[in-house]
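Here is how the chains run, residue by residue.
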Amino acid sequence: MKNRHLVSAIVSCLALVGATLALAAEGDPAAGKGKNSMCVGCHGIGGYKTVYPEVYHVPKLGGQHAAYMVKALQEYKAGNRSHPTMRAIAAGLSDQDMADLAAYYASDAMKSAAK
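Here's a quick rundown of the structure. (Residues numbered from 1 in each chain as written. Predicted model: local features only at pLDDT ≥ 70, side-chain atom pairs only at ≥ 80, totals over all residues. Heavy atoms only, no water.)

**With respect to the pattern of salt bridges**
Summed over the entire model, instances satisfying the criterion amount to 3 salt bridges. Salt-bridge contacts for D97 lead to K35; the nearest nitrogen and oxygen are separated by 2.8 Å. Of the two residues, D97 is situated in helix α6 (residues 95–106) and K35 in the loop between α2 (29–33) and α3 (37–43); the sequence distance between them amounts to 62 residues. K35 sits in the partly exposed class, given a relative accessible area of 28%. With its nearest N and O atoms 3.2 Å apart, the salt bridge here joins E75 to K71. Here the residue E75 and the residue K71 both occupy positions in helix α4 (residues 66–78), the gap between them amounting to 4 residues, near one helical turn. Given a relative accessible area of 46%, K71 falls into the partly exposed group. (Salt bridge = Lys/Arg side-chain N within 4 Å of Asp/Glu carboxyl O. Helix = DSSP H or I, 4+ residues; strand = E, 2+ residues; numbered from the N terminus. Buried < 20%, exposed > 50% of the residue type's maximum accessible area, 1.4 Å probe, protein only.)

**Here's the deal with the nonpolar core**
Ranked by size, the top nonpolar core spans 17 residues in total, and within it C39, L61, M69, L73, L93, L101 and Y105 carry the most contacts. The greatest single-element share of this core, amounting to 6 residues, is contributed by α6. The contacts of L93, once residues within four sequence positions are left out, are L73, K77, M98 and L101. (Core = buried A, V, L, I, M, F, W, Y, C linked by side-chain atoms within 4.5 Å. Contact = heavy atoms within 4.5 Å.)

**Some thoughts on the packing of α4 against α6**
Where α4 meets α6, the axes come as close as 8 Å, and the angle between the chain directions of the two elements is 140 degrees. The angle between α4 and α6 places the two elements in the oblique class. Between α4 and α6 the crossing geometry is right-handed. Contact residues: A66, M69, V70, L73, Q74 and K77 in α4; M98, A99, A102, A103, Y105 and A106 in α6. Of the residues in the contact of α4 with α6, the class split is 10 nonpolar, 1 polar and 1 charged. (Axes fitted to C-alpha atoms, helices over the stretch in contact; angles between N-to-C directions. Parallel < 35°, antiparallel > 145°, perpendicular 65-115°, else oblique. Left-handed = near helix turned anticlockwise from the far one by under 90°. Nonpolar A, V, L, I, M, F, W, Y, C, P; charged D, E, K, R; others polar.)

**Description of the packing of aromatic side chains**
For the structure on display, the rule yields 1 aromatic pair. Their ring planes at 65 degrees and their centres at 4.9 Å tell us that Y104 and Y105 sit as a pair that is edge-to-face. Each member of the pair, Y104 as well as Y105, is classed as buried. (Phe/Tyr/Trp six-rings, centres within 6.5 Å; stacked < 30°, edge-to-face > 60°.)

**Considering the state of the cysteines**
Taken as a whole and judged by the stated rule, the model has 0 disulfides. C39 forms no disulfide, and the closest cysteine sulfur to it belongs to C42, at a distance of 9.3 Å. On the accessibility criterion, C39 (11% relative accessible area) is buried. Residue C42 is classed as partly exposed on the basis of its relative accessible area, which comes to 31%. (Disulfide = S-S within 2.5 Å.)

Below, the structure is given as structure tokens:
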């Protein structure tokens, strides 16, 4: 009987944690639009290529999946992705900032602009 209560308590805690994470990961596109000034300078220019640290094509963000963008920003912040400028930018972003930016760039308006 004790095991049943323990399992029930663990399941309840996991459900609560999952619900909390789901809410925290939800971004606000309008808030993201107000936070994108560091993004648009590179990612908002069609065909833009950067020369530091090496020459490469800078991807457009409009229309990307929100979960992918959040994960990429988290990886830059953690140091698991190597671009120094993106690491510096991501270091200053909260989880909510990342979710808001991702929601903005994944929004229907940005998907249309990306075409």
